[in-house]
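Residue-level listing of the chains:
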Amino acid sequence: ATPTHAGTRCVRTCPAEVRSRLLAIARETGATGFAAGLAAFQLFLARWTRQRDFIVGTPLSQRSLAGSEAVVGMFLNTIPLRARIAPETSFREFLRATQAVL
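Reading the values: rules and limits
Residues numbered from 1 in each chain as written. Predicted model: local features only at pLDDT ≥ 70, side-chain atom pairs only at ≥ 80, totals over all residues. Heavy atoms only, no water. Core = buried A, V, L, I, M, F, W, Y, C linked by side-chain atoms within 4.5 Å. Buried < 20%, exposed > 50% of the residue type's maximum accessible area, 1.4 Å probe, protein only. Helix = DSSP H or I, 4+ residues; strand = E, 2+ residues; numbered from the N terminus. Contact = heavy atoms within 4.5 Å. Salt bridge = Lys/Arg side-chain N within 4 Å of Asp/Glu carboxyl O.

Engineer: What exactly am I supposed to notice about the nonpolar core here?
Structural biologist: Nonpolar side chains tend to gather and get buried jointly when the protein is soluble and globular. One finds Ala-31, Ala-36, Phe-54, Val-56, Ile-85, Phe-94 and Leu-95 to be the most contacted residues of the largest nonpolar core, which totals 17 residues. Sorting the residues of this core by element identifies helix 1 (16-29), helix 2 (33-49), strand 1 (53-61), strand 2 (76-84) and helix 3 (91-101) as the ones contributing at least two each. If you tally residues by element for this core, the top one is helix 2, at 6 residues. Leaving out residues up to four positions away in the same chain, Ala-36 has contacts with Leu-22, Ala-26, Phe-91 and Leu-95.

Now the structure itself:
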């Protein structure tokens, strides 16, 4: 009843065989490893939450302005990435869509 703002962590590792297969599918579809991991994570969230439309935030570090590399400090933005998941979509199709969003 009273918010505590207490958090926790849940750390899991992806088995090497699963990771290898995921990266192979990424190569076959022309996607990056990051896109494949994100797509898998989004599908996991969709199944776990039973939601088909949601947003995942990911940090982006980019210094695209000339001369900014000499500035001390971190430049981070959180980029919202929307996932719309249709049950009939295959993983490869969803991965291609995820890569297009990225």
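Still to come is the rest of the account.
Engineer: What am I meant to see in the pattern of salt bridges here?
Structural biologist: Charged atoms that come close allow side chains of opposite charge to pair. Counted according to the given criterion, the structure contains 3 salt bridges. Residue Glu-28 is joined to Arg-92 by a salt bridge in which the shortest nitrogen-to-oxygen separation is 2.6 Å. One end of the pair, Glu-28, is in helix 1; the other, Arg-92, is in helix 3, and 64 residues separate them in sequence. Overall, the relative accessible area of 30% leaves Arg-92 in the partly exposed class. Measuring nitrogen to oxygen at the nearest pair gives 2.6 Å for the salt bridge that ties Arg-82 to Asp-53. Taken as a pair, Arg-82 in strand 2 and Asp-53 in strand 1 lie far apart in primary sequence, 29 residues in all. Taking the relative accessible area as the measure of exposure, Asp-53 reaches 39% and is therefore partly exposed.

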